[in-house]
Amino acid sequence: MVTDWEWDDTLFSGTVAYYERGRLPYAPGLADALAEALRPDGAGRLIDVGCGPGTIALSLAHLFGEVVGVDPDRGMIAEAGRRAVGRAVGERTRWVRARAEDLPAGLGTFAVATFGQSFHWMDRDLVAATVRDMLQPGGALVHISDLKTEDRTLDGLPYPAVPYGAVDDLVKRYLGPVRRAGRGVLPQGTPGGEAEVFARAGFSGPRRLVVPGGQALERTFDDVVAWVFSMSFAAPHLFDGRRDDFEGDLRRLLREASPAGRFSERGPSTEVFVWRKDPAGH
């Protein structure tokens, strides 16, 4: 990591209840784009590392014979299991509560490993090397994130933008100017430079895909509140008895920004990097 921060099990404590409503979706064509890039045969195994409530794993479950999701948060694993049953894929999915650093954890080998906006929380060199050993020869490691460089204008949409800057200022008023993360802080934010990490671990590539977003979204006050509480830097437990006060101030801020009670937003594009293990297994 870029600081002395150490992971602890409160990092996403209490956030899972807000995920489905609050988090913006990946680009709607993501599963099709990955099917085209990976050409799975329907019988292989996928491991989703840092799976959260199963967002990526469940969207790809139809492409694999078995999907294994790994996450250290008890609530996330329980929610992923519930969603799997609701989508009638419970028999082809398995949810393991463990840190990525605990792998391989006797889970076997896989055709594909995915990381959906989770890799930055891990001991990255250790996890990349371990996952490479868990992949079959020629297997793929897929790193997935929102595209950070696009300008998502709201031209033609009916409502104002979510006042993200003002929300961030409000969070800092309550939790301090330095980004919170579990029991610690991240003065420099989370690390980047994933390409160097995967190259050091012996992967080749990457192949880059951008799956276009841009779909018009309508967000209510409840949606935005859920987004805030779904984030590690504003997890409900961090407010230490002041959560209701914070939510009241947040809702007042949102009402001032949009008296109509609605915000417009465009869904982000999704950036994907596909890395490969040597087909010879070296």
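Use the structure listed above.
Residues numbered from 1 in each chain as written. Predicted model: local features only at pLDDT ≥ 70, side-chain atom pairs only at ≥ 80, totals over all residues. Heavy atoms only, no water.

What about the overall build of the chain?
Heads up, the rule is: To qualify as a helix, a DSSP run of H or I must reach at least 4 residues; to qualify as a strand, a run of E must reach at least 2; elements of each kind are numbered from the N terminus. By definition in these notes, contact holds between two residues if any of their heavy atoms fall within 4.5 Å. Computed with the Shrake-Rupley method and a 1.4 Å probe, the accessible areas treat only the protein chains shown as cover for residues. Charged residues are defined narrowly, with Lys and Arg counted positive, Asp and Glu counted negative, and His plus the chain ends left uncounted. Lysine's charge is taken at NZ, arginine's at CZ, aspartate's at CG and glutamate's at CD.
A tally of regular secondary structure across the chain gives 9 helices and 11 strands. The principal-axis extent of the C-alpha atoms belonging to the chain is close to 60 × 40 × 35 Å. For the chain, contacts bridging at least 24 residues in sequence account for 83% of all contacts bridging at least 6. As presented, the chain carries roughly 12,900 Å² of accessible surface, and 49% of it is formed by carbon and sulfur atoms. Separation between the mean location of the 34 positive side-chain charges and that of the 39 negative ones in the chain comes to 2 Å.

Observations regarding the sheet that holds strand S4 (residues 110–116)
Basically, it comes down to this: Only strands that DSSP links by at least two bridges are regarded as paired with each other. Axes here refer to lines fitted to C-alpha atoms; in helices the fit is confined to the stretch in contact. Angles between the N-to-C directions go from 0 to 180 degrees.
Read across the open sheet, the 7 strands follow the order S3-S2-S1-S4-S5-S11-S8; overall the sheet is mixed. Edge positions in the sheet fall to strand S3 (93–97) and strand S8 (204–211), since each of these pairs with one other strand and no more. Taking each pair of neighbouring strands and ignoring which way they run, the sheet shows an average axis angle of 20°. When strand S5 (residues 135–146) meets strand S11 (residues 270–276), the two strands line up antiparallel, connected through 7 bridges. Residue pairing in the sheet places Leu 141 in a bridge with Trp 275 of S11.

Points about the environment of Thr 270
Defined as follows: Within 3.5 Å is the distance limit for a polar contact, defined as a pair of N or O atoms, with the added protein rule that one can donate a hydrogen and the other accept it, and that residues adjacent in sequence qualify only through two side-chain atoms.
Within the fold, Thr 270 resides in strand S11. Taking the C-alpha atoms as reference points, Thr 270 and His 143, 127 residues apart in sequence, are found 10 Å from one another. Other than its neighbours up to four places away in sequence, Thr 270 contacts Tyr 26, Ala 27, Leu 30, Ile 144, Ser 145, Leu 147, Leu 209, Val 210 and Val 211. Within polar-contact distance, the side chain of Thr 270 engages the backbone nitrogen of Ala 27 at 2.8 Å.

Comments concerning the environment of Asp 168
Test applied: A 1.4 Å probe rolled over the protein chains alone gives each residue an accessible area, and that area as a share of the maximum for its type sets the label: buried under 20%, exposed over 50%, partly exposed in between.
Within the secondary structure, Asp 168 is located in helix H6 (residues 164–175). Under the relative-accessibility criterion, Asp 168 is labelled partly exposed at 32%. Along the sequence, Asp 168 and Val 228 sit 60 residues apart, while their C-alpha atoms lie 9.2 Å from each other.

Notes on the packing of aromatic side chains
Stated precisely, the cut-off is as follows: Whether two aromatic rings pair depends on their centres lying within 6.5 Å, for rings of Phe, Tyr and Trp, where Trp uses its six-membered ring; planes under 30 degrees apart make the pair stacked, over 60 edge-to-face, and the rest tilted. Should the NZ of a Lys or the CZ of an Arg lie within 6 Å of a ring centre and within 35 degrees of the ring normal, that charge is described as sitting over the ring.
Counted by the stated rule, this structure contains 15 aromatic pairs. Where Tyr 174 meets Phe 239, the ring centres are 6.2 Å apart and the plane angle is 65°; that geometry is what we call edge-to-face. One end of the pair, Tyr 174, is in helix H6; the other, Phe 239, is in the loop between helix H8 (221–229) and helix H9 (243–257), and 65 residues separate them in sequence. With respect to burial, Tyr 174 and Phe 239 carry one shared label: buried. Seen from their ring centres, Phe 229 and Phe 239 are 6.0 Å apart, and the 90° between their planes marks the pair as edge-to-face. Remark: Phe 239 occurs in the loop between H8 and H9 and Phe 229 occurs in helix H8; sequence separation between them is 10 residues. Classification of Phe 229 by relative accessible area gives buried; the value is 0%. Its end group placed over the ring of Phe 110, Arg 45 keeps NZ or CZ at 4.2 Å from the ring centre.

Topic: the packing of H6 against H9
For any two helices packed against each other, the geometry comes down to the angle between their axes and how far apart the axes lie. Our working rule: Any angle from 65 to 115 degrees is called roughly perpendicular, while one under 35 is roughly parallel, one over 145 is roughly antiparallel, and all others are oblique. In this scheme, a crossing is called left-handed if the near helix is turned counterclockwise away from the far one by less than a right angle; it is called right-handed if the turn is clockwise.
One can describe the packing of H6 onto H9 by two numbers: an axis separation of 11 Å at closest approach and a directional angle of 160°. On the basis of the axis angle, H6 is roughly antiparallel to H9. Here H6 and H9 pass one another in a crossing that is right-handed. Of the residues in H9, those touching H6 at Ala 166, Val 167, Leu 170, Val 171, Arg 173 and Tyr 174 are Asp 245, Phe 246, Asp 249, Leu 250, Leu 253 and Leu 254.

What about the side chain of Asp 8?
Mapped onto the secondary structure, Asp 8 falls in the segment before helix H1 (16–22). A distance of 2.5 Å separates a polar atom in the side chain of Asp 8 from a polar atom in the side chain of Thr 10. Contact partners of Asp 8, with chain neighbours within four places excluded, come to Ala 181, Gly 182, Arg 183 and Gly 184.

Some remarks on the side chain of Asp 146
Assignment of secondary structure puts Asp 146 in strand S5. Ignoring anything within four residues of it in the chain, the contact list for Asp 146 reads Tyr 26, Gln 117, Pro 268, Ser 269 and Glu 271.

A look at the packing of H8 against H9
Let me state the cut-off plainly: Put simply, Ala, Val, Leu, Ile, Met, Phe, Trp, Tyr, Cys and Pro go in the nonpolar bin, Asp, Glu, Lys and Arg in the charged bin, and everything else, Gly too, in the polar bin.
Closest axis-to-axis distance for the H8/H9 pair is 10 Å, and the angle between their directions is 135°. In terms of orientation, H8 and H9 fall into the oblique class. Handedness of the H8/H9 crossing: right-handed. On H9, the residues that touch Phe 221, Asp 222, Val 224, Val 225, Val 228 and Phe 229 of H8 are Arg 243, Phe 246, Glu 247, Leu 250, Arg 251, Leu 254 and Arg 255. Across the contact of H8 with H9, the residue classes tally to 8 nonpolar, no polar and 5 charged.

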